[in-house]
Amino acid sequence: MEDHLQNLYEVLSKVDGYVYPNEIELNWSILIVLYPYITGLVAGAFILASLERIFKVKILKPTYGIALLTAFSFMLVATMPLVSHLGKPQRAYEIMITPHSSSAMAIFGFVYLWYLMVVLFLELWFDYRRDMVIWANETTGFKRFMYKVLSLGTTDISPKAVALDDKIGYIITVIGVPSAFLLHGYVGFIFGSIKANPWWSTVLMPVIFLFSAMVSGIALVMLVYIVLTKIRKQLIDMDCLDTIAKYLFYILLIDFALEGLDQIHRIYVAEESFEALHKLVFGKLFYSLFIFQGLLGTIVPILTLGTLQFYKPRPVIRKTIYTILGGLVLMGIFFMRWNVVIGGQLFSKSFYGYTSFKTSLIGIEGYGMAIIWLIVPFLILSFLLWLLPPWKKIETSHD
Amino acid sequence: MPQHLKRLIGVFVIFILFFLVMRQVLRPKSFGELGHFRADAIYENTLRPMHYAVADSCTKCHKDIRSDKDLGFHAKLKCEVCHGPALKHATFANKFKNKQLPDSLVLYKPGERKDCAVCHQRNAARIKITFDTINTTMIHQVDIMKHHPVDPKTNAALKCIDCHNPHQP
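Because the structure is predicted, anything quoted here is derived from the model rather than measured.

*Asks:* How would you explain the overall build of chain B if you had to name every residue and give the values?
*Replies:* A tally of regular secondary structure across chain B gives 6 helices and 2 strands. Ordering the α and β elements of chain B from the N terminus gives α-α-α-α-α-α-β-β. For a compact globule of 169 residues, the expected C-alpha radius of gyration is about 15 Å, and chain B comes in at 29 Å, more than 25% above that figure. Counting over 169 residues, chain B shows a buried share of 18%. Looking at chain B alone, contacts between residues at least 24 apart form 41% of all its contacts between residues at least 6 apart. For chain B, the accessible area works out to roughly 12900 Å², and carbon and sulfur atoms hold 63% of it. A distance of 8 Å separates the average location of the 26 positive side-chain charges in chain B from that of its 15 negative side-chain charges.

Spelled out as structure tokens, the structure:
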């Protein structure tokens with residue numbers, strides 16, 4: 001009992017003003033920040049790939065395969081932050097066997113599987129099948145085994161079969177774009193539909209999540225592309241890079257406008273929650289919202305990218321700038337997720353008080369775990385790039 | 001249909017069949033009997049040990065304290081709010097009348113300053129706002145650090161219960 005009271009006393013010391021008892025501890029921790037972040041990267045990377053495939057932006061060709069593999073690697077890990085956040089991770093599969101149509105969260109397993117298996121897996125499979133058949137004959141050992149298994153032992157690489165693959169791949173990408181919107185719109189939907197929380201509850205939420213997802217996915221693929229050409233000691237395709245940067249600029253502008261619209265709407269409507277949110281934004285969220293997300297993650301990249309549309313310095317300098325901006329944008333979007341997920345839990349629904357968020361490095365919900373789930377996708381990506389190098393594929397025109 | 005598509009569809013069909021079978025196998029036994037949840041969960045919860053005795057159960061043996069308390073400001077507080085869960089105590093303490101209670105039956109006696117602070121520390125948010133007045137008397141609040149911390153004569157640190165009777169403050 002002594003411990004219990006001691007605990008209560010300590011807990012109360014991290015609270016300002018009045019909060020309801022169940023608001024003292026944040027239930028959605030850093031791992032829940034990571035989950036929309038990672039799914040966002042998936043959706044964004046996929047949409048970049050679809051630009052090449054459906055919207056025929058041929059100049060983006062060098063990044064098509066990289067974007068798909070990136071999306072796939074991150075998708076494999078997307079559920080892991082959620083699973084490690086669960087009190088009983090060993091029960092995670094139950095979401096699949098007892099779904100309920102009235103709960104958006106209970107549908108997640110199917111949204112996820114659809115996107116992973118029907119969109120990403122199939123698109124990669126049809127895209128790589130011919131190459132896997134060829135590679136299976138050229139290699140030995142583990143690689144050969146993997147190619148055999150992955151291509152399901154098929155051997156038909158006649159032009160007719162390949163043309164069919166290409167056609168089906170195209171159809172899947174067409175289905176994939178709305179699916180990517182669904183996947184990430186869905187994540188925003190979950191937050192947006194929590195009526196009791198004025199920081200989350202806005203119909204714009206899915207749209208904002210979607211555009212920030214595109215921003216982060218494009219920035220990630222851009223960085224992966226830069227790093228990859230560096231590692232492979234290849235000359236980078238500057239036209240391609242400039243085009244990615246151009247798209248990044250456009251989408252970043254839309255994202256900024258949408259988020260601005262959301263905030264302006266909030267200020268104009270000034271509901272009863274406004275005072276509390278105002279204090280939150282200028283208090284506990286000041287650095288993460290204005291400095292990291294707003295200034296460094298949005299304004300600086302927009303201004304720089306905007307300038308680069310008119311004034312083009314030497315390629316080396318541009319590449320360096322793109323690298324830095326990619327990093328900044330990725331950080332900015334991370335803090336956007338942070339501000340939504342953590343920010344939404346810092347104020348009391350009584351609007352009279354605030355709590356604070358503390359987490360440790362170790363432990364199943366600590367920073368350590370979050371860092372692990374950010375590193376694992378890159379390991380998977382390295383493996384996939386080794387197994388299925390896009391640059392060794394036979395050129396297909398995707399027409 | 002080309003051979004590779006057949007194989008692919010085969011793989012998907014196997015995958016889906018496997019899912020459907022596993023779904024039946026893994027579904028908890030009592031799921032859905034009473035609604036969209038595991039009916040056994042209710043039963044399992046009834047098996048959990050209880051910790052709290054009911055508010056009136058203390059009166060049986062501590063009548064004096066109860067009647068003291070009923071006359072004071074703490075009348076509305078239940079004993080277990082301060083002394084903690086006491087079911088075990090209320091069930092077994094009788095055997096130790098006028099003897100030393102064994103450790104497992106001894107209850108916490110919240111006599112330190114911080115114990116009273118849990119409810120009485122100044123807290124601007126714990127006020128009652130009524131139609132046109134701000135009423136700060138929902139719970140009387142004192143500044144724990146400043147409200148008689150030491151005895152002016154002997155300079156000894158004072159606990160709240162040196163002056164206030166916790167059962168009849």
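*Asks:* Account for the overall build of chain A, naming residues and giving values.
*Replies:* Helices and strands together make up the secondary structure of chain A, namely 15 helices and 2 strands. On C-alpha atoms alone, chain A measures out to a radius of gyration of 23 Å, which is about the 21 Å that the 2.2 N^0.38 rule sets for 399 residues. With 399 residues in all, chain A has 54% of them scored as buried. Considering only contacts in chain A between residues 6 or more positions apart, those separated by 24 or more positions represent 81%. Carbon and sulfur atoms form 69% of the exposed surface of chain A, whose accessible area is close to 18100 Å². Computing the positive centroid from 31 side-chain charges and the negative centroid from 27, chain A places the two 9 Å apart.

*Asks:* Provide a residue-level description of the environment of A106(A), including the pertinent values.
*Replies:* Residues and elements named next belong to chain A. Here A106 shows up in helix α6 (residues 104-138). Taking the C-alpha atoms as reference points, A106 and N197, 91 residues apart in sequence, are found 20 Å from one another. Those residues in contact with A106 that sit more than four places away from it in its chain are I95, P99 and H100.

*Asks:* How would you explain the interface of chain B and chain A if you had to name every residue and give the values?
*Replies:* Tallying the contact residues gives 27 residues for chain B and 32 residues for chain A. Taken together, the two surfaces of chain B and chain A that pack against each other cover about 2600 Å², and 76% of this comes from carbon and sulfur. Across the chain B-chain A interface, the total number found is 0 salt bridges. For the pair chain B and chain A, the number of links is 5 residue pairs in polar contact (both at pLDDT 80 or more). If you list the elements that add at least two residues to the side of chain B that touches chain A, you get α1 (3-26) and α6 (113-120) of chain B. In terms of residue count, the dominant contributor to the side of chain B that touches chain A is α1(B) (10 residues).

*Asks:* Please give an account of the side chain of T173(A) that cites residues and values.
*Replies:* All names here are of chain A. Relative to the elements of secondary structure, T173 occurs in helix α8 (residues 159-192). Among the residues examined, T173 registers a relative accessible area of 1% and is labelled buried. At a separation of 3.1 Å, a polar atom in the side chain of T173 contacts the side chain of E123.

*Asks:* Before we move on, could you go through the packing of aromatic side chains and cite the residues and values that matter?
*Replies:* All names here are of chain A. Taken as a whole, this structure holds 27 aromatic pairs over all chains when the rule is applied. Judged by centre distance (5.6 Å) and plane angle (20 degrees), the rings of W28 and W200 are stacked. Here W28 is found in the loop between β1 (16-17) and α2 (30-53), whereas its partner W200 is found in the loop between α8 and α9 (205-231), with 172 residues between them in sequence. Taking the relative accessible area as the measure of exposure, W28 reaches 22% and is therefore partly exposed. Within the aromatic cluster, the residues linked to one another by ring pairs are Y37, F292, F334, F335, W338 and F357. We note K349 situated over the ring of F347; from NZ or CZ to the ring centre the distance is 4.9 Å. Taking the ring centre of Y128 as reference, the NZ or CZ of K393 above it sits at 4.5 Å.

*Asks:* Break down the packing of helix α3 (residues 61-78) of chain A against α9(A) for me, with residues and values.
*Replies:* How two helices sit against one another is set out by the angle between their axes and by the gap between those axes. Residues and elements named next belong to chain A. Taken N-terminus to C-terminus, the directions of α3 and α9 make an angle of 115 degrees; their axes are 10 Å apart at the nearest point. Between α3 and α9 lies a crossing whose hand is right-handed. Two secondary-structure elements touch here, α3 through P62, T63, I66, A67, T70 and F74 and α9 through L220, V221, V224, Y225 and L228. Within the contact of α3 with α9, the residues separate by chemical class into 9 nonpolar, 2 polar and no charged.

*Asks:* Account for the domain arrangement of chain B, with residues named and values stated.
*Replies:* All names here are of chain B. Taken as a whole, chain B is organised into domain 1 (52-108) and domain 2 (110-169). Every contact between the two is made by 10 residues of domain 1 and, on the other side, 8 residues of domain 2. When domain 1 packs against domain 2, the two sides together hide about 820 Å² of surface, and 59% of this comes from carbon and sulfur. Interface area lost by domain 1 to domain 2 is led by D68, H74 and Y108, which between them contribute 50%. Our enumeration of links across domain 1 and domain 2 arrives at 0 salt bridges.

*Asks:* Explain the pattern of salt bridges to me, using residue names and the numbers behind them.
*Replies:* Close approach of charged atoms allows side chains with opposite charge to pair. Within this structure, the stated rule accounts for 16 salt bridges over all chains. Ionic pairing is found between D56(B) and R66(B), a salt bridge with its closest N-O pair at 3.2 Å. Taken as a pair, D56(B) in the loop between α2 (40-46) and α3 (63-71) and R66(B) in helix α3 lie far apart in primary sequence, 10 residues in all. Its relative accessible area of 26% is what places R66(B) among the partly exposed residues. The salt bridge involving K114(B) is made with D115(B); its shortest N-O contact spans 3.5 Å. Classification of D115(B) as buried rests on a relative accessible area of 11%. Each of E52(A), K58(A) and K61(A) takes part in one network of salt bridges that share partners.

*Asks:* Which residues make up the nonpolar core, and what values go with them?
*Replies:* Residue and element names in this part refer to chain A. Grouped together as the largest cluster of nonpolar side chains are 128 residues, with contacts concentrated most on F46, M75, Y115, L120, Y322 and L388. The element contributing the most residues to this core is α9, with 18 residues. When neighbours within four sequence positions are excluded, F46 is seen to be in contact with L68, A71, Y115, V119, L120, E123, T173, G176, V177 and A180.

*Asks:* Tell me about α6(A), residues and numbers included.
*Replies:* Its 35 residues place the ends of α6(A) 47 Å apart at the C-alpha level, agreeing with the 51 Å of an ideal helix rising 1.5 Å per residue. Along α6(A), the helix axis deviates most sharply at Y128(A), where the bend reaches about 50 degrees.

*Asks:* Break down the side chain of K143(A) for me, with residues and values.
*Replies:* Residue and element names in this part refer to chain A. With respect to the secondary-structure elements, K143 resides in helix α7 (residues 141-150). It turns out K143 is buried and unbridged, and the closest side chain with the opposite charge, E138, is 9.1 Å from it. Beyond its immediate stretch of four places on either side in the chain, K143 contacts W386 and L387.

Procedures and definitions
Residues numbered from 1 in each chain as written. Chains lettered and ligands numbered in written order. Predicted model: local features only at pLDDT ≥ 70, side-chain atom pairs only at ≥ 80, totals over all residues. Heavy atoms only, no water. Helix = DSSP H or I, 4+ residues; strand = E, 2+ residues; numbered from the N terminus. Rg over C-alpha atoms; globule rule 2.2 N^0.38 Å. Buried < 20%, exposed > 50% of the residue type's maximum accessible area, 1.4 Å probe, protein only. Contact = heavy atoms within 4.5 Å. Areas by Shrake-Rupley, 256 points an atom, 1.4 Å probe, with all protein chains shown as cover. Lys, Arg positive; Asp, Glu negative; His and termini not counted. Charge placed at Lys NZ, Arg CZ, Asp CG, Glu CD. Buried area = accessible area lost by both parts, 1.4 Å probe. Salt bridge = Lys/Arg side-chain N within 4 Å of Asp/Glu carboxyl O. Polar contact = N/O pair within 3.5 Å; in protein donor to acceptor, adjacent residues only side chain to side chain. Phe/Tyr/Trp six-rings, centres within 6.5 Å; stacked < 30°, edge-to-face > 60°. Lys NZ or Arg CZ within 6 Å of the ring centre and 35° of its normal. Axes fitted to C-alpha atoms, helices over the stretch in contact; angles between N-to-C directions. Left-handed = near helix turned anticlockwise from the far one by under 90°. Nonpolar A, V, L, I, M, F, W, Y, C, P; charged D, E, K, R; others polar. Domains from an automatic or database assignment. Core = buried A, V, L, I, M, F, W, Y, C linked by side-chain atoms within 4.5 Å. Expected span 1.5 Å × (residues − 1). Bend = angle between axes of the 7 residues up to and from the residue.

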